[in-house]
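One letter stands for each residue in the lines below.
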Amino acid sequence: MRIVHYINQFFGQIGGETEAGHPLEVRPGVVGPGMALKQQIGDNEIVATIICGDNYFVENIDAVKPQMVNILKEYKADMLVAGPAFNAGRYGMACGNACQIASEELGIETVSGMYKENPGMEMYRKFAYIVPTGNNARGMRDAVSKMGTLIKRIAGGETLSNPEEDGFFERGLRENIFLEKTGAERCVDMLLKKIKGEDFETELPMPVFEKFEPSPAIKDMSKATIAVMTSGGMVPAGNPHRLEACNCTKWECYCLDRDYGGRGAGKGMVVHGGYDPTYGNEDGNRILPIDMMVELEEEGRIGKLYDYTYVTVGNGMGTDQAAVFGDEIAKELLDAKIDGAILTST
């Protein structure tokens, strides 16, 4: 098969977040992670690599779409491979969108790799075989190995019909098939197994959402103590506790007066690796709006701004880890008798 590989500006070796607006371009042959992928795909060939900034792709889809189609036609592509994107949300969205273009416009096969919580997986899984990957690029070797296996099987004409056995996320596609038992009979069989406490597997697994009862409204904001905190990575200058730019393993508590140059001064630095830090570094209040909270306090619209803030980096963070952080921070807020908290992001 003739394969065209789609990657973003980072893996295309153009640059990081500052180059997220890089326009779409194509280079003949293999670039970046395509080198590792090339070793996994047998006799199939990566004939070209499309590179595009994450922001540019999603913000200029009307311009990108015909470019993608023309490139795939020019290189006579039999397959588009996108990523892997791991848990990078914008990259995942771009990879998924690229797969949709290739699938809908040209009817060619598509393969990608994403972490289970990447929004691109849920939105675009019906347009591609998406293999599950780790949370970050440290899992590159395993990801390209899985993707390579699928590529070779597709190129060999195999039919991939069992996501669990074949190693890709369920695509949400429905097919008409014939079975020995009717749906009613299968339903009764499952019910009897459930009553007997036996193992059974549903044919239509439903998503499970954790439900939370919202806290009661604050009755009098003019007497309430309010905390402000952020997952946007606005830390004191020098990043004293070395919060990571991605897949952060901790949160920290800082004093507004001591660590940010005084209430409302907004002195600090952005360590979040998922957005352009320029404007946050110019004025930390753009990420952690201490100045506005001080203003609300002075106007009497809130009783008091809590003297401490909580900071972490949400970039690439799984929901399980975020829930642990939330529980830990909530306990501290309750112990300090804080009435409410404002969490800002990016």
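Basis of the calculations
Residue indices follow the written sequence of each chain, beginning from 1 at its first position. The predicted nature of this model means local features are confined to residues of pLDDT at least 70 and side-chain atom pairs, given and counted, to a pLDDT of 80 or more, with totals for whole chains, interfaces and linings taken over all residues. With hydrogens and water set aside, each side-chain value is computed from the structure's full complement of heavy atoms. Counting from the N terminus, the helices are the DSSP runs of H or I reaching at least four residues and the strands are the DSSP runs of E reaching at least two. For every residue, the accessible area (1.4 Å probe, protein chains only) is compared with the maximum for its type, and the residue is labelled buried under 20%, exposed over 50%, or partly exposed between those bounds. Contacts were defined at the residue level, with two residues in contact if any of their heavy atoms lie within 4.5 Å. Surface exposure here means Shrake-Rupley accessible area, sampled with a 1.4 Å probe, where a residue is shielded only by the protein chains that are shown. When charges are counted, Lys and Arg contribute as positive and Asp and Glu as negative, whereas His and the chain ends are disregarded. Taken as the charge centre is NZ of Lys, CZ of Arg, CG of Asp or CD of Glu, depending on the residue. When DSSP finds two or more bridges between a pair of strands, those strands are recorded as paired. Where helices are involved, their axes are fitted lines through C-alpha atoms of the stretch in contact, as for all axes, and angles between N-to-C directions lie from 0 to 180°. The term polar contact refers here to a pair of N or O atoms within 3.5 Å; inside protein, the definition further demands a hydrogen-donor-capable atom paired with an acceptor-capable atom, and it admits residues adjacent in sequence only when both atoms are side-chain atoms. Basic side-chain nitrogens of Lys or Arg form a salt bridge, by our definition, when they fall within 4 Å of a carboxyl oxygen of Asp or Glu. Patch membership is restricted to residues that have no salt bridge and whose relative accessible area is over 30%. Joining uses 9 Å for like charges and 5 Å for the nonpolar side chains Val, Leu, Ile, Met, Phe, Trp and Tyr. Between the first and last residue of a helix there are one fewer steps than residues, each counted as 1.5 Å, and that sum is the expected span. In the cavity and pocket records, a cavity denotes points on a 1 Å grid over the protein atoms alone where a 1.4 Å probe fits but cannot get out, a pocket denotes an open set with protein on both sides within 12 Å along at least 5 of 7 lines, and lining residues are residues with an atom within 4 Å of a point. Grid points are joined across faces, edges and corners, and a volume is the space filled by probe spheres set on the points. Think of it as three bins: nonpolar holds Ala, Val, Leu, Ile, Met, Phe, Trp, Tyr, Cys and Pro, charged holds Asp, Glu, Lys and Arg, and polar takes everything else, Gly as well.

Visitor: Now, about the overall build of the chain: what can you tell me, with residues and values included?
Guide: Assigned secondary structure in the chain consists of twelve helices and 13 strands. With respect to the principal axes defined by its C-alpha atoms, the chain has extents near 70 × 60 × 35 Å. Looking at the chain as a whole, 43% of its 346 residues qualify as buried. For the chain, long-range pairs separated by at least 24 residues make up 72% of all intrachain contacts whose partners lie at least 6 apart in sequence. Of the roughly 19,100 Å² of accessible surface on the chain, a fraction of 51% belongs to carbon and sulfur atoms. Within the chain, one finds 35 positive and 51 negative side-chain charges whose respective centroids are separated by 2 Å.

Visitor: Could you give me a rundown of the sheet that holds strand S5 (residues 109-114), with the residues and numbers involved?
Guide: The strand order S2-S3-S1-S4-S5-S6 describes an open sheet built from six strands, whose pairing is mixed. For this open sheet the edge positions go to strand S2 (25-28) and strand S6 (129-132), each flanked by a neighbour on one side alone. Averaged over all adjacent pairs, the angle separating strand axes in this sheet is 20 degrees, with direction ignored. Pairing geometry for strand S4 (residues 79-86) and S5, over five bridges, is parallel. The residue of S5 that forms the bridge with Leu80 is Thr110. Relative to S4, helix H4 (residues 89-106) is tilted by about 165 degrees, and along the sheet it contacts strand S1 (2-8), S4 and S5. Across the sheet, helix H6 (residues 140-155) lies against S1, S4, S5 and S6, angled at about 160 degrees from S4, the strand it touches most.

Visitor: For the environment of Thr278, give the residues involved together with the corresponding values.
Guide: Considering the arrangement of structural elements, one finds Thr278 in helix H10 (residues 278-282). Expressed as a C-alpha distance, the spacing of Thr278 and Thr18, which sit 260 residues apart in the sequence, is 9.1 Å. A polar contact of 2.7 Å, which involves the side chain of Thr278, links it to the side chain of Asp276.

Visitor: Would you mind going over the pattern of salt bridges in detail, with residue names and values included?
Guide: Enumeration according to the criterion identifies 15 salt bridges in this entry. Here Arg90 makes a salt bridge to Glu17, at a shortest N to O gap of 2.8 Å. Residue Arg90 is found in helix H4, and its partner Glu17 is found in the loop between S1 and S2; the two are separated by 73 residues along the sequence. Between Asp142 and Lys146 there is a salt bridge, with the nearest N and O atoms lying 3.2 Å from each other. Taken together, the residues span about one helical turn, with Asp142 and Lys146 both in helix H6 at a distance of four residues. For Asp142, a relative accessible area of 42% corresponds to the partly exposed category. Bridged by salt links that share partners, the residues Arg263, Glu297, Lys304 and Asp307 form one connected network.

Visitor: Can you explain a negative patch on the surface? Please cite residues and give values.
Guide: A cluster of acidic residues, Glu164, Glu165, Glu170 and Glu201, forms a negative patch on the protein surface. Note on placement: Glu165 falls in helix H7 (residues 163-166). The class of Glu165 is exposed, set by a relative accessible area of 65%.

Visitor: Pulling in residues and values, what's your account of the environment of Gly264?
Guide: Relative to the helices and strands, Gly264 is located in the loop between helix H9 (256-259) and strand S10 (269-270). For Gly264, a relative accessible area of 22% puts it in the partly exposed group. Sequence separation between Gly264 and Lys146 is 118 residues, and the spatial gap between their C-alpha atoms is 50 Å. In this structure, Gly264 is in contact with Asn285, Ile290, Asp291 and Val294, ignoring residues within four places of it in sequence.

Visitor: How would you explain H4 if you had to name every residue and give the values?
Guide: Taking 1.5 Å per residue, 18 residues should reach 26 Å; H4 reaches 25 Å between its end C-alpha atoms and fits that length. Every buried residue of H4 is listed here: Tyr91, Gly92, Met93, Ala94, Cys95, Gly96, Asn97, Ala98, Cys99, Ile101 and Ala102. Contact partners of the buried residues in H4: S1, helix H2 (54-59), helix H3 (61-74), S4, S5 and helix H5 (119-124). Looking one or two residues beyond H4, the residue adopting positive phi is Gly107, at roughly 70 degrees.

Visitor: Can you explain the side chain of Asn315? Please cite residues and give values.
Guide: With respect to the element layout, Asn315 can be found in the loop between strand S12 (308-311) and helix H12 (319-335). From its side chain, Asn315 meets the backbone oxygen of Ala245 in a polar contact 3.1 Å long.

Visitor: Quick rundown of the layout of surface pockets? Include the residues and the values.
Guide: Taken as a whole, the largest pocket holds about 2,300 Å³ of empty space. For the largest pocket, the lining is made up of 41 residues, of which Arg125, Glu170, Arg171, Gly172 and Pro205 are closest to its centre. Counting only elements with at least two residues in the lining of the largest pocket, the list comes to H5, H7 and H12. When residues of the lining of the largest pocket are assigned to their parent elements, the largest contribution, six residues, is made by H12. Broken down by class, the residue content of the lining of the largest pocket amounts to 18 nonpolar, seven polar and 16 charged. Of the voids in this model, the second largest pocket is the one considered here, and its volume is about 730 Å³.

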